[in-house]
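# Examination of the molecular architecture
If you want the building blocks of each chain, they are given just below.
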Amino acid sequence: MAVIPRTASSSETTEQPSENVTRFSWDFSRETDADNNKWPDRWRRYIGLGYPEYVSIEIKPHDSEMESNYRTVDASVLKAWVLLRKSYPGLELPQVPPSVADALVDRYLHVQLDGGQAMIESPPIAASRLYKYRFSCRMTTNGLRHDSARAELIFLDGNRQELERLSTPPMTGTTPWSAITLDLVRPPAGAQQMIVRLYVDRSESGMEDIRGSIGFDDIVIEQYPQIQIATDNPTGIYRFGRPIVATAKVMGLPTGISRVQFRLIDSDGKEVANRKLRIEHQNRPALPSDSLSDSAPLDSGTRSSRPDVSATKASKTRSPGSGSSTVGRTASFQPSTNGTNPSERIEQASPVDPYDSAVTWKLPRLEPGFYRVSASLVDQNVSTLSTETTLAVIDQLIGGPPHGSFGWTIPNGFKKGTRPRQAADWLSELGVAWVKYPCWLHPEDMLGAEELASMLTKIQDTGIQTVGLLEKPPEDQIGLYSVRGRRDLVAAQLFRDRATWEPQLEPVMSRLSLKVRTWQLGGERDYSFMGRSRLRDLIENISVGLQGFGQPIDVVISWPWLEQQLPPEETSWQAVCRSSEPTLGARELDAFLKLQESEQRKSGPRTWLLLDPIEKQTYDRESRIRDLVMRMATVRSHRVQAAFISDPYDEQHGLLRPDGRPDELLLPWRTTSRLIGDLRRSGSLQLRSGAENIVFAGTDRSVLMVWSPEPTEELIYLGENVQEVDVWGKTKDLQLETVGNQMAQRIQIGPLPKFIIGADPALLAFRMSVAVSPRQLDSFLGQRQKLTVDFANPTRESIVGQMRLLIPETWNIDEPVRAWETLAGRSTSNAFDVVLSNTAKVGSYEVPIQFTLDTIPPQRFTTYRNVSVGPLGLEMKVVTRLASNNELQVIIELTNNSGRTQSYDCMMFATPDRQYQRQFITVRPGETERRAIRWVDGDELIGKRMLLRADEQDGPRMLNYPFTATR
């Protein structure tokens, strides 16, 4: 089996080891050097090209002076010891007394550089998948410029073939003694032994150090019991109301551990429930190691979970030999030249009862949402070992199969043995409406073709759109395509020679083109066709070659957002998948789609795009959820046929964990896909709270999505049976409350979007149609001005009703109530004469417009529109500032945007006990004038309400501008 280097992660947590933990250790003391040759017993070093024997490797004391002093003591004790043996022969004393230096001097393995690399290997130790292992090592470097030092823990099979390596980060330069740990490593399948290798590597450029030294010490491997947790549904997806059972499997259990602590955590990090259960020791032979692997039947095919390793990142793994890349043929591991090579044997763990026990917990009934379940081994004499898994509880949300534009690319397919019906139902439950699936098989793989056809058929049976992905040929066929390396495995290179690819793909296409209409050339973000000459003819030729027995197909290619698409007359493909790196934000995506729609003709290729979440390690969870939902909403605001997650299993940008279990963005994606996937943006409501919102509408339902940067509340009537759905899919009924003389629902709004479902589509459309004009009334106090209210009937029947205009106190209106009737699909207008009183102030006013519809039962609701009052063509600003001499300066700024000169007599009123102050201001067209009014004892006016009254000279306007004095 090939060696698979693994990188570090931290999916499990541990505390410090306990007294029950079995340890293997090398501290390079005299006990590890029985023949006193300054070389650790049974260790070997590699001798070969690049690894010269003249590089000095030996055991040395940390403190040479201390060792010298203790050797002097040993010499003195030896003389006395000899006399003692002669004087008392009956005591049967050993010939040599115990060495004080050997007992008290701390030693380490020292490497002195001399222009070469070094590699040292420990004797083998028995390994078992019943356990997990913690590896630790202390290292120091001195004077390194090119070389670096590191340690590896390597797992071997029964034939001593390497299965897997875990490496510490390289250490270079001059560094003090540092402890490095690889935490809770589980051996790979088939592992029977493990060894430790210590490396001194040259630089990537081949440079080596002539001088410098490295030290290794305190190498420890600790053997821990292993705990795994799983649920009775391996996908982790549960329908609301279905029982959920979590099972903790405990392997390699030593005495002293008797209980498992379960904890259930919700999406907010709150503990929902916990349970501590006693382990019933079964005391029977353990299951075969391979049977202990986690079950995840819908995991992506070629993906493997990362190791449970923490605290460090793995460095690049290199093998010894020429160029540090391959083992030299004539070189070998050899014992130190200072000693002998003892017979090889494998160190065994201390005996424990290899219990394989399972503890189950039936979870309480859970609301829809995302949850984590953890299991820990606990007892008073043992450290806490814990692991966790995830699950998601889902509700139907809306009936029927998933529809709309949101889908997934499964780049590696499902793993072999996945049942097609199971995979199809899983995708459907998660709201996946489109699937791109890899379809490039070996031309003689008839069984694979049958399985692939069955998988795609079952997926299509659930209503999901399928796309065949032609990304790369099978490994044993790559050599046919004359590519120079992995970088050339792109569509433009693979489809360059029709005589090569057509016979390879013909058996697959003949079978699948009847089932799959659309095919993508190349993987996601494969832009290799861009810039090719005569691209229209090239793609058309490929399309004809892929049609098999003449069944027409649609072809998709990838294209970056930052590159302009070709005009329709130069294209022969039916869709183009747009993407960028890094991904576009919601506003950027909206701008690109608007630009594309303004330039694109209806006859051009359909628009697809990639919609990957932003990076997990860079952004917090709330930001990632908000960004993803907002971009999905942007997609439904434009003419986008399909939007894909390029790899839902990706650890940083996906929706699932690498093992196929749900991750924290899965439910927000599903909720959004299910609720708005087949709806189109129809507009927005003007909410009193100022919360942002989008209305999505279809033929028979509407969804309101609301959010706000700051928490706020909205009271609004949206219909009789309205529900609120959060991003986790949890549904809550919105109760009707009596507000004034009408009913309303109360909605709490925050940064994470919420979805309001069950709202009356006609009512939402009616609310959005209400418009007031003009949006600004001029400051003609005491004069009549027209204010018009327009609205439309969005239903298919006539509507009769009444409208009441609720104006501010400083406005006057003759007939605030109007009866009206509007035909189906028609608009109507109602004009009101408004008179502003002499006390009307400049500013923005909220004008409630109350509607009563003569339906059964009658509906009464209110819309709110903002109307400002101020002089047309004139902008007025007032700024206050408290000067150092305690003088309040009030700056009046007038900007004239009209075509005539305007003059105002400005009077400013402070408090009743102060005389008003006056300024005359004349402003020419297109100019701005500023005047300052100063008030003594300004601190007394801070926070007080003041009034500026400006009378237009030679005009009818009078402006009342209230403001509050500030510092």
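Numbering of residues starts from 1 in each chain and follows the order in which that chain's sequence is written. For a predicted model such as this one, the threshold for reporting local features is a pLDDT of at least 70, and the threshold for listing and counting side-chain atom pairs is 80 or more; totals across whole chains, interfaces and linings nevertheless cover every residue. Heavy atoms throughout the structure, all of them, feed into the side-chain values; hydrogens and water do not.

Right, let's talk about the packing of aromatic side chains for a bit. Ring pairs are drawn from Phe, Tyr and Trp, using the six-membered ring of Trp, whenever the two centres fall within 6.5 Å, and their geometry is named by plane angle: stacked under 30 degrees, edge-to-face over 60, tilted for the rest. For the structure shown, the criterion picks out 28 aromatic pairs. Aromatic side chains Trp440 and Phe495 sit 5.5 Å apart centroid to centroid with 45° between the ring planes, which places their arrangement in the tilted category. With Trp440 in the loop between β24 (434-438) and α4 (446-461) and Phe495 in the loop between α5 (491-494) and α6 (498-512), the pair connects residues that are 55 residues apart, well separated along the chain. Accessibility classification places Trp440 together with Phe495 in one group, the buried group. Joined through ring pairs, the aromatic side chains of Trp408, Phe414, Trp426, Tyr437 and Trp669 make up one cluster. Geometrically, a charge over a ring is one whose NZ (Lys) or CZ (Arg) sits within 6 Å of the ring centre while staying within 35 degrees of the ring normal. Lying over the aromatic face of Phe240, Arg365 brings its terminal NZ or CZ to 4.7 Å of the ring centre. We note Lys436 situated over the ring of Phe644; from NZ or CZ to the ring centre the distance is 4.3 Å. Only DSSP runs of H or I with at least four residues qualify as helices, and only runs of E with at least two residues qualify as strands; both kinds are numbered from the N terminus onward. Classification of residues uses two cut-offs on accessible area relative to the type maximum, computed with a 1.4 Å probe and protein chains only: under 20% is buried, over 50% is exposed, and between them is partly exposed.

This paragraph deals with the pattern of salt bridges. Here a salt bridge means any side-chain nitrogen of Lys or Arg lying within 4 Å of a carboxyl oxygen belonging to Asp or Glu. One pass over the structure, following the stated rule, counts 56 salt bridges. Measuring nitrogen to oxygen at the nearest pair gives 2.8 Å for the salt bridge that ties Asp612 to Arg525. Linking Asp612 in the loop between β29 (606-610) and α9 (621-635) with Arg525 in the loop between β26 (518-521) and α7 (535-546), this pair joins segments that are 87 residues apart in sequence. Residues Arg534 and Asp537 are paired through a salt bridge, measuring 3.2 Å at the closest nitrogen-oxygen approach. Arg534 gets classed as exposed once you look at its relative accessible area, which sits at 66%.

Let's shift gears to the sheet that holds strand β55 (residues 958-964). Strands pair, by our definition, only if DSSP identifies at least two bridges between them. Across the sheet, four strands lie side by side as β52-β51-β54-β55; this open sheet has antiparallel pairing. Edge strands, defined here as strands with exactly one partner in the open sheet, are β52 (917-923) and β55. In this sheet, neighbouring strand axes are inclined to one another by 20° on average, regardless of whether the strands run parallel or antiparallel. Every axis in this analysis is a line fitted to C-alpha atoms, fitted for helices over the stretch in contact. Angles between the N-to-C directions lie between 0 and 180 degrees.

A separate point is the sheet that holds strand β42 (residues 784-792). Reading across the sheet, the four strands line up as β40-β42-β46-β44 and stay open at both edges, with antiparallel pairing between neighbours. Bordering the open sheet on either side are β40 (771-773) and β44 (811-813), each of which pairs with just one other strand. Averaged over all pairs of adjacent strands, the angle between strand axes in this sheet comes to 35°, irrespective of strand direction. Of the strand pairs in this sheet, β40 and β42 are connected by three bridges, and their pairing is antiparallel. Residue pairing in the sheet places Ser773 in a bridge with Thr788 of β42. Any two residues having at least one pair of non-hydrogen atoms within 4.5 Å are treated as being in contact. Here helix α11 (residues 761-769) sits on the sheet in contact with β40 and β42, set at roughly 155° to β42.

Take the buried residues of types Ala, Val, Leu, Ile, Met, Phe, Trp, Tyr and Cys, join any two whose side-chain atoms come within 4.5 Å, and each joined set is a nonpolar core. Ranked by internal contacts, the top residues of the largest apolar core, which has 93 residues, are Trp408, Phe495, Leu521 and Leu546. It is α9 that contributes the most residues to this core, seven residues altogether. Membership of the second largest hydrophobic core comes to 42 residues, among which are Leu130, Leu163, Phe216 and Ile219.

Burial in α11 covers these residues: Leu763, Leu764, Phe766 and Arg767. Across the axial projection of α11, the buried residues extend over an arc of 160°, all falling on one side. Two or three places before Ala762, at the start of α11, stands the capping residue Asp760, its side-chain oxygen 3.0 Å from that residue's backbone nitrogen. An arc is given here, and it is the one of the directions from the helix axis to the C-beta atoms. Polar contacts here mean pairs of N or O atoms no more than 3.5 Å apart (in protein, one a potential hydrogen donor and the other a potential acceptor; neighbouring residues in sequence count only if both atoms are side-chain atoms).

The next thing to look at is the packing of helix α3 (residues 420-429) against α4. The geometry of α3 relative to α4 is characterised by a closest axis approach of 8 Å and an angle of 35° between their N-to-C directions. Remark: the crossing between α3 and α4 carries right-handed chirality. Contact residues: Pro420, Arg421, Ala423, Ala424 and Leu427 in α3; Ser454, Met455, Lys458, Ile459 and Asp461 in α4. For the contact of α3 with α4, the residue count by class is six nonpolar, one polar and three charged. Crossing handedness is defined as follows: a turn of the near helix away from the far one that is anticlockwise and smaller than a right angle gives a left-handed crossing, while the clockwise case is right-handed. For this classification, Asp, Glu, Lys and Arg are treated as charged, while Ala, Val, Leu, Ile, Met, Phe, Trp, Tyr, Cys and Pro are nonpolar and the rest, including Gly, are polar.

This part is about helix α1 (residues 64-87). The end-to-end C-alpha distance of α1, which contains 24 residues, comes to 35 Å, matching closely the 34 Å that a straight helix rising 1.5 Å per residue would cover. Those residues of α1 that sit buried are Glu67, Asp74 and Trp81. Those residues of α1 that are buried lie in contact with β5 (56-61), α2 (100-104) and β6 (107-112). Of the residues flanking the start of α1, the one acting as N-cap is Asp63, its side-chain oxygen 3.2 Å from the backbone nitrogen of Glu65. In this scheme, a helix's expected span is set at 1.5 Å multiplied by one less than its residue total.

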